[in-house]
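So the chains spell out like this:
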Amino acid sequence: MKTAVITGGTSGIGEACVRLFSEKGYRVFFIYRSSEEKARCLEKKTNAVGIRADISDFEETAGAIDFVLRQSANIDVLVNNAGISMQKLFIDMTKNEWNKVIDIDQNGIYNVSLPVVKKMISQKSDCKCFLYMGAVRSVVRGCLFRRKVGNNRFYKGACKGAWSFGNQSELYRSRND
């Protein structure tokens with residue numbers, strides 16, 4: 001069974017990815033920061049495993065990835081979806097707000113990706129996929145619409161794109177068999 005790790009898994013694109021990868025037979029672990037009730041509900045609906053961790057904290061994130069690796073021999077897909085955006089113009093952001101965005105949107109990616117990519121490199125599996133969804137969401141939420149996006153079609157489309165990237169080796173094999 002292939003394993004997927006998804007950050008920001010309790011809402012929007014992250015939740016859609018948790019549901020889709022679970023439906024496709026992956027063992028799914030999702031990392032969330034604060035939505036305990038949503039996480040428990042999603043676990044019940046999908047059999048995925050929620051892990052509470054702040055990805056901006058290197059040690060906390062390392063602990064979350066260590067937990068995944070104790071439960072599953074390999075990690076085949078990483079969806080870096082967690083991210084925040086300030087609902088204000090850049091010039092109106094304080095230094096602390098800016099640092100919070102950088103800590104989650106960029107340092108968080110490093111904190112999650114470093115141990116996962118090291119594990120992926122050492123694996124012998126066909127499917128090793130690393131996806132970063134945060135930039136898409138930040139642009140849509142922060143710049144284009146200036147309000148929270150509630151468009152399910154956008155989330156479903158982004159998630160299906162993640163699924164197709166995550167299975168490109170399977171798709172390639174099926175086309176060439």
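As the structure is a prediction and not an experimental result, all values here were calculated from the model.

About the cut-offs
- All residue numbers here refer to positions counted from 1 along the written sequence of the relevant chain.
- Predicted model: local features are reported for residues with pLDDT of at least 70 only, side-chain atom pairs are reported and counted for 80 or more only, and whole-chain, interface and lining totals are derived from all residues.
- Water and hydrogen atoms play no part in the side-chain values, which are based on all heavy atoms of the structure.
- In DSSP terms, a helix is any run of H or I states spanning at least four residues, a strand is any run of E spanning at least two, and both are numbered starting from the N terminus.
- Buried residues are those whose accessible area, probed at 1.4 Å on protein chains only, stays under 20% of the maximum for their type, while exposed residues exceed 50% and partly exposed ones sit between those limits.
- The patches reported here contain residues having more than 30% relative accessible area and no salt bridge. Joining distances are 9 Å for like charges and 5 Å for nonpolar side chains (Val, Leu, Ile, Met, Phe, Trp, Tyr).
- A 1.4 Å probe and the Shrake-Rupley method give the accessible areas. Residues count as covered only by the protein chains that appear here.
- Within this document, salt bridges are pairs made up of a side-chain nitrogen of Lys or Arg and a carboxyl oxygen of Asp or Glu, the two lying within 4 Å of each other.
- Each residue carries a pLDDT score, the predictor's own confidence in it, on a scale running from 0 to 100.
- Here, residues are in contact when the closest pair of their heavy atoms is within 4.5 Å.
- Note: two strands are recorded as paired if DSSP finds a minimum of 2 bridges between them.
- When the strands point away from the viewer and the connection leading from the first strand across the helix to the second strand turns clockwise, the crossover is called right-handed.
- Where helices are involved, their axes are fitted lines through C-alpha atoms of the stretch in contact, as for all axes, and angles between N-to-C directions lie from 0 to 180°.
- Handedness of each helix crossing follows the sense of rotation of the near helix against the far helix: counterclockwise by less than a right angle gives left-handed, clockwise gives right-handed.
- Basically, the charged four are Asp, Glu, Lys and Arg, the nonpolar ten are Ala, Val, Leu, Ile, Met, Phe, Trp, Tyr, Cys and Pro, and anything else, Gly included, counts as polar.
- Under the convention used throughout, the expected extent of a helix is 1.5 Å for every residue step, that is, one less than its residue count.

Peer 1: Before we go on, may I ask you to explain the side chain of Asn 81 in this structure?
Peer 2: Counting through the fold element by element, Asn 81 comes out in the loop between β4 (77-80) and α4 (95-122). Relative accessible area serves as the criterion here: at 0%, Asn 81 is assigned to the buried category.

Peer 1: How should a nonpolar patch on the surface be read in this particular structure?
Peer 2: On the surface, Leu 89, Phe 90, Ile 91 and Trp 98 cluster together into a nonpolar patch covering about 470 Å² of accessible area. Its location among the elements puts Trp 98 in helix α4. A relative accessible area of 35% places Trp 98 in the partly exposed class.

Peer 1: Is there a simple way to explain the confidence of the model for the protein chain in this structure?
Peer 2: Low pLDDT marks stretches whose predicted atomic positions should not be read closely. Taken over all residues, the pLDDT of the protein chain has a mean of 78, while the share at 70 or more is 69%. Below a pLDDT of 50 lies the segment residues 135-155, which in the model reaches 29 contacts outside its immediate sequence neighbourhood of four places, other chains included. Counting interchain partners and residues more than four positions distant, the pLDDT-below-50 stretch residues 165-177 has 13 contacts.

Peer 1: Just checking my understanding: could you explain the pairing of strand β3 (residues 49-52) for this structure?
Peer 2: Successive residues of a regular strand alternate their side chains across the two faces of the sheet. Direction of pairing for strand β2 (residues 27-32) relative to β3: parallel, over a ladder of four bridges. Paired with Phe 30 across the two strands is Gly 50, which belongs to β3. For the handedness criterion, the β-α-β arrangement of β2, helix α2 (residues 36-46) and β3 is classed as right-handed.

Peer 1: Would you take a moment to explain the packing of helix α3 (residues 58-71) against α4 for this structure?
Peer 2: Two quantities define a packed helix pair, namely the angle between the axes and the distance from one axis to the other. Look at α3 against α4: their axes get within 8 Å of each other, and the N-to-C directions meet at 35 degrees. Between α3 and α4 lies a crossing whose hand is right-handed. Counting all contacts with α3, which are made through Phe 58, Thr 61, Ile 65 and Leu 69, the residues of α4 involved are Tyr 110, Asn 111, Val 112, Leu 114, Pro 115, Val 116 and Lys 119. Tallied by class, residues from the contact of α3 with α4 come to eight nonpolar, two polar and one charged.

Peer 1: Would you mind showing me how to read unusual backbone geometry here?
Peer 2: Most peptide bonds adopt trans geometry, and most residues besides glycine take a negative phi value. One non-glycine residue, Asn 47, lies in the positive phi region at around 65 degrees. Along the chain, Asn 47 turns up in the loop between α2 and β3. For Asn 47, a relative accessible area of 69% corresponds to the exposed category.

Peer 1: Explain the pairing of β2 here, please?
Peer 2: For β2, a buried count of five out of six residues is recorded, marking the element as mostly surrounded by other parts of the structure. The pairing of strand β1 (residues 3-7) with β2 spans five bridges and is parallel. Residue pairing across strands places Val 5 opposite Phe 29, the latter belonging to β2. Where the polypeptide runs from β1 across helix α1 (residues 12-23) and back to β2, its parallel neighbour, the crossover connection is right-handed.

Peer 1: In this structure, what is going on with α1? I would like to understand it.
Peer 2: For the α-helix, the turn length of 3.6 residues means that residues three or four positions removed from each other point alike. Compared with the 16 Å implied by 1.5 Å per residue over 12 residues, the 17 Å span of α1 between its first and last C-alpha is a close match. Along α1, the positions that sit buried rather than exposed are Ile 13, Gly 14, Ala 16, Cys 17, Val 18, Leu 20, Phe 21 and Ser 22. Looking one or two places after α1, you find Gly 25, whose phi comes out positive at around 90 degrees.

Peer 1: What is the right way to read the pattern of salt bridges from this model?
Peer 2: Oppositely charged side chains can pair when the atoms bearing their charge come close. Counting across every chain of the model gives five salt bridges. Between Arg 40 and Glu 36 there is a salt bridge; the shortest N-O distance is 2.7 Å. Placement of both Arg 40 and Glu 36 in helix α2 is noted, with a separation of four residues, approximately one turn of the helix. Here Arg 40 falls in the partly exposed class, since its relative accessible area comes to 30%. A relative accessible area of 28% means that Glu 36 is categorised as partly exposed. Residue Glu 97 pairs with Lys 88 through a salt bridge whose shortest N-O separation is 2.8 Å.

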